[in-house]
Structures are given as structure tokens and as C-alpha cells.
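Fold and contact review
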Amino acid sequence: MIERIALFVLFLLGFAVIVGHKNVVKKIFGLNIINNAAVILFVLEGAKVGNQAPILTTGAAVAGAAAGSAGGSGGAVAGAVAQMSGEVTPVALAPAAGTVDSACAAIAEASGAGPGAAAGLTGDLAGNVAEGANSLANLGAFSVVDPVPQALMLTAIVIGVCITALALALAFRLYKATGTFDIDEMYRRIHHEP
Amino acid sequence: MTPRRVFSALWSILPLVISLVAVGAILIPIFLESTPWPVEARNHLEDQGVAESGAQNLVSAVYLGYRAFDTLGETIVLLVAVSGTIGIIARAKGALAKGFDREDKGSPVPAVALAAGTTSLSAPPPRLRRAKTRTDLLEVVTGKLGPVVLVFGFYVMLYGHLSPGGGFQGGVVIASGIVFLALGGKEGASTRLTEAGVLARLEAMAFFFLVLAAFLGMFMGSGFFTNFLAGVGLPSVGFIILLNIIIGLKVGAGIGFMGIAMLSRVEGAKGEEVNHD
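Here the structure is a predicted model, which means the values were calculated and not measured.

1. Some words on the overall build of chain B
What chain B contains, in helices and strands, is 11 helices and zero strands. Going from N to C terminus, chain B has its helices and strands arranged as α-α-α-α-α-α-α-α-α-α-α. Taking all 277 residues of chain B together, 32% fall into the buried category. A separation threshold of at least 6 residues defines the contact pool for chain B, and within that pool the share at least 24 residues apart is 65%.

2. Section: the overall build of chain A
Check the secondary structure of chain A and you find seven helices and zero strands. Long-range pairs, those at least 24 residues apart, make up 65% of the contacts in chain A between residues at least 6 apart in sequence.

3. Quick notes on the interface of chain B and chain A
Every contact between the two is made by 49 residues of chain B and, on the other side, 49 residues of chain A. For the side of chain B that touches chain A, the secondary-structure elements that each account for two or more residues are α1 (3-31), α2 (40-53), α3 (58-66), α4 (68-89), α8 (167-184) and α11 (237-262) of chain B. Here the side of chain B that touches chain A gets 10 residues from one element, more than from any other, and that element is α4 of chain B. Split into classes, the residues belonging to the side of chain B that touches chain A amount to 31 nonpolar, 10 polar and eight charged.

4. Details of the nonpolar core
In this structure, V158 of chain A together with V251 of chain B are the most contacted members of the largest nonpolar core, which totals 62 residues. Elements supplying a minimum of two residues to this core: α6 (147-178) of chain A together with α2, α3, α4, α7 (136-158), α8, α9 (196-219) and α11 of chain B. Among the elements that line this core, the one with the most residues is α11 of chain B, at 15 residues. Sequence-distant contacts of V251 of chain B, defined by excluding residues within four places in its chain, comprise V158 of chain A together with L78, G167, F168, G171, V172 and A175 of chain B. Counting six residues, the second largest nonpolar core, distinct from the first, contains F11, F15, A37 and L41 of chain A.

5. Side note on the packing of helix α1 (residues 2-20) of chain A against α1 of chain B
In the contact formed by α1 of chain A and α1 of chain B, the axes pass within 10 Å of each other and the chain directions differ by 150 degrees. Put simply, α1 of chain A runs roughly antiparallel to α1 of chain B. Between α1 of chain A and α1 of chain B lies a crossing whose hand is right-handed. Each of R4, L7, F8, F11, L12, F15, A16, V19 and G20 of chain A in α1 of chain A lies in contact with α1 of chain B, whose residues at this interface are L16, S19, L20, V23, G24, L27 and F31 of chain B. Classifying every residue of the contact of α1 of chain A with α1 of chain B by side-chain character gives 12 nonpolar, three polar and one charged.

6. What to know about the environment of G184 of chain B
Counting through the fold element by element, G184 of chain B comes out in helix α8. Each C-alpha atom of the pair G184 of chain B and S163 of chain B lies 31 Å from the other, and the pair is 21 residues apart in sequence.

7. Quick look at the packing of α3 of chain B against α4 of chain B
All names here are of chain B. Packing of α3 against α4 leaves a shortest axis separation of 4 Å and a crossing angle of 80 degrees. Between α3 and α4, the interaxial angle falls into the category roughly perpendicular. Facing α3, whose interface residues are Y63, L64 and G65, α4 presents A68, D70 and T71. Partitioned by chemical class, the residues of the contact of α3 with α4 number three nonpolar, two polar and one charged.

8. What about α1 of chain B?
Considering bend angle alone, the principal kink of α1 of chain B is centred on I13 of chain B and spans about 40 degrees; proline P15 of chain B follows within four residues of it. The element α1 of chain B is barely covered by neighbouring structure, given that only zero of its 29 residues are classed as buried.

9. A closer look at the environment of F219 of chain B
All names here are of chain B. Along the chain, F219 turns up in helix α9. On the basis of neighbour counts, which here come to 9 C-beta atoms within 10 Å, the residue F219 falls in the exposed class. Each C-alpha atom, one on F219 and one on V251, is 26 Å from the other, the two residues being 32 residues apart in sequence.

10. Describing the confidence of the model for chain A
Predicted coordinates in areas of low pLDDT are best not read in detail. Residue and element names in this part refer to chain A. Put simply, chain A has an average pLDDT of 71, and 55% of its residues get 70 or more. When pLDDT is averaged over each element of chain A, helix α2 (residues 24-46) comes out on top at 94 and helix α3 (residues 61-84) at the bottom at 42. Note that residues 59-100 has pLDDT below 50 and, in this model, 75 contacts with residues that lie over four places away or in other chains. For the stretch residues 129-141, pLDDT sits under 50, and the model shows 19 contacts to residues farther than four places along the chain or on other chains.

11. A look at the confidence of the model for chain B
Residues and elements named next belong to chain B. On average, residues of chain B carry a pLDDT of 78, and 78% of them reach 70 or more. Per-element mean pLDDT across chain B ranges from 48 in helix α5 (residues 111-116) up to 91 in α11. Low pLDDT, under 50, characterises residues 118-125; the stretch is placed with nine contacts to residues that sit more than four places away or in other chains. Here the prediction assigns the complex a pTM of 0.70, and the interface score ipTM is 0.77.

12. Digging into unusual backbone geometry
Residues and elements named next belong to chain B. We note that F225 has phi near 65 degrees; this positive angle belongs to a residue other than glycine. With respect to the secondary-structure elements, F225 resides in the loop between α9 and α10 (229-232). Judged by C-beta crowding, with 23 C-beta atoms within 10 Å, F225 ranks as buried.

Reading the values: the criteria
- Residues numbered from 1 in each chain as written.
- Chains lettered and ligands numbered in written order.
- Predicted model: local features only at pLDDT ≥ 70, side-chain atom pairs only at ≥ 80, totals over all residues.
- Helix = DSSP H or I, 4+ residues; strand = E, 2+ residues; numbered from the N terminus.
- Buried ≥ 20, exposed ≤ 12 C-beta atoms within 10 Å, placed from the backbone.
- Contact = placed C-beta atoms within 7 Å.
- Nonpolar A, V, L, I, M, F, W, Y, C, P; charged D, E, K, R; others polar.
- Core = buried A, V, L, I, M, F, W, Y, C linked by C-beta atoms within 7 Å.
- Axes fitted to C-alpha atoms, helices over the stretch in contact; angles between N-to-C directions.
- Parallel < 35°, antiparallel > 145°, perpendicular 65-115°, else oblique.
- Left-handed = near helix turned anticlockwise from the far one by under 90°.
- Bend = angle between axes of the 7 residues up to and from the residue.
- pLDDT = per-residue confidence, 0-100.

So, in C-alpha cells, the structure goes:
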């Protein structure tokens, strides 16, 4: 909420620069400020629906999210099981346990149980973790931000740069023709010259 | 202050206040809206974006895959803006035809004197003018940093399919690298990348290749601007990299050209240096 009010104030500031100043170059930069406020508003709104950058490094964020949540919850369960069985050796699960199977193997290893218990643990844990991962993915806990506003604002920024350059070229031409940047003085010189 | 002065001061800022209140009243519903952002596009892109367009960077997938036609239109806008800027700046010699030849503060060079080839102001010769603006600070910061910024621009442009970046971002950094080189380079030791002719040809060639890449999809049988590399057997991310390179060169050359023109290094219609101030 506070960001939107700040952007609103920024937009009004840019508009005040356009209306209030007499210098042509300052008016052009007021336009630039308005452009920036609109761009930031778009990107900010698009970033409210997720919390990761829109770059999928493993090919599918859902599979990556499921693996990540499986590894994370496997590590938490392994820590709980190790504590309950009295083990105090730390279980280094974080980077290695990318899948449910390796997490369960590490749990079985840490608790010292046999392979049969590990298989039973795997079946139980796999079902629970997959279900949890699915519900997490549906909730969007590991989802990316919306990339569509960012793609739109890319072109908007580049077009803003080009239009600012064009407007500054026009201001330069006006200066060459009338000798001033002040619009009131320009008006006087254009209309009162013989 | 007398009441009359207070009143006239308030009266002079009244249009500003009224316009601000009017714009604020129109924009308040936009900035304080509370409807939730629709997530259908994001969900679809997260599921199918890589498979359908070939890019892991979903932003690149949007503006180079799903909405590539929009990107073509944006490059046309850039072309028009660059042509307009060059046309206005580099041909400013004829703008003094109205005869504003006063000598008060901020006045331009007199039109009559400029047309006659001699100036009545004590303007130094062009070579001395150029050297006077090239201070030590500018030479160290921009001249030495120019190649570094250029390399960073090429990295951002080429790596845009895997990390934040791409054609537009890399192109703008390349343009700033070109302006750095032009600002800080020595008189005769600059690269050819800061010459106006090279940049103009580079931009035109990049635009031609962009249109060619768009039509290649049609020749391969998939449609305008589609990713045809998957059908040929190459990895489909290659199309994204190719488009990133083309767009990066186009944007870099275009905006660099505008920067060079504003540094008054572009020759006018008659082949001589114009606007020495």
C-alpha cells in the first residue's frame, strides 16, 4: 500500500514538473518521471503473485518446486527422526536430497534401521511428500512472479529512452531557432519579431 | 508581504494546483485499486513456457516467443525515433533562417554570419573546442571504462536466455559503452564503433536480419515469427539467442547513434561538421 502511494506521489511530482516549470528541458524530464512511475507500478503489481524470478533453471518450476519441497521436508523429517532415536550426529541433507528417494535413504541411514524399514518409510513418506508438494504448488508457494508485465515494461523503457532523445532534439532545435529554453520567452520572440 | 502580492502569488500557482487535483482525482482509483492480479497467464507460462517457446527466461519467452510481433513493432519505433533525432540535430544548420541574430545571453550564432562562413563570436577552431571538453576526469572514467561497459553489454545480451537480460537490456548497455568510448577516446584513436556511418549501417543490417528471421519461420512452414529450429533439429533455444543478438545490436547501434549525434559528431548534409557549440 505504501509503495502505491509513493508511486502516486511520484506521478503527481512528474506532472507538477510538466505543468509548473517554464524550461522545456525540465518539462521533458517531467515526462520521463511519469514514464518511470508507470513502469514501476506495472512491475510492482506483477510481482505480487509470486516470490521467485521468472527464470526456470530446471525446465519446469513445478518439478523443481516439488523436488525442493521434498528435499526440505525430508530434511525436516530426518532431523525429527534422528532426534527421536537419540542420534546426535547431524544429517547433512540439504544439498544432496533433491528427491524423495535420496531423502528417505538418508533418513534410513541416520536412524540405523534396516532396508525393509527404509522401503516402508519411503512409501509412506513419498505419498505424503508428493501430496504436500502438489498442494504447495497449487497454493503457489514456490511460484514465479508474473513475467508478462516485465516483458511489456522492457519495451516501454526503451521506447521512453528514444522518445526522450527525440524530445531533447526538438528542444535543441527550438533553442537554435529562438535562442532560449523558456517557453514564455520563446512565445514572445516568435510572436513579436518583425 | 502585502495582501496583493500574496494574492497574486496564489493566483499564479492556481492552475498548477487545479491540474494536480484533477489528475489526482482521476488516478486515485488506478493507484489504490485492490482487485487481485489474475494468475492465469503466469500459471500457463510456468507450465508450458519453456516447451512452447524454447527459452528458460520466461520474460524472453514472452517478448521473443509469444509476443514477438510486438518486439518487431518496437524496433520500428526505435528506427523512427533515431531517424527523427538525427534528422533534427544533424541538419540544424538551416534552422536559423528566421534571422534570430541577437547578441544577448544565450543567443545562437548569427544566421547571417553562419551563412557567410565567418563567425562574429570568438569561437575557437573545432579541434581546440573538442580538446577543451575532454578533461582528465572524462578521459580516465569514460575512456578507460568504455571497453569494460561494452563487454558487459555483450555479456548481458548473449546470456539473456538463462539469466536476467536479453536483447533490449544488453543493447542499452552497449549503447552506453559506445557513448563512453566516444566521450573519452583520444582524437584519432577511437574505434570504428563510434563512427556514425558504421552505427547507421549496423542498425539497418540488424533490422533487415530481424525481418529475415521473422520470415524464415514462414519459409520453413511453421508460420510468421515461430521458432523453427525445433523442426530442423537444432535446440530451440538457439532462436532465442539469435533474436537476442539481433535486437541487442539494433538497439545498441540505434541508441549509440543518437548519443553520437548529440555529441555533435555527425556530419550534416553537405559533409562538414555542423553545430560546433
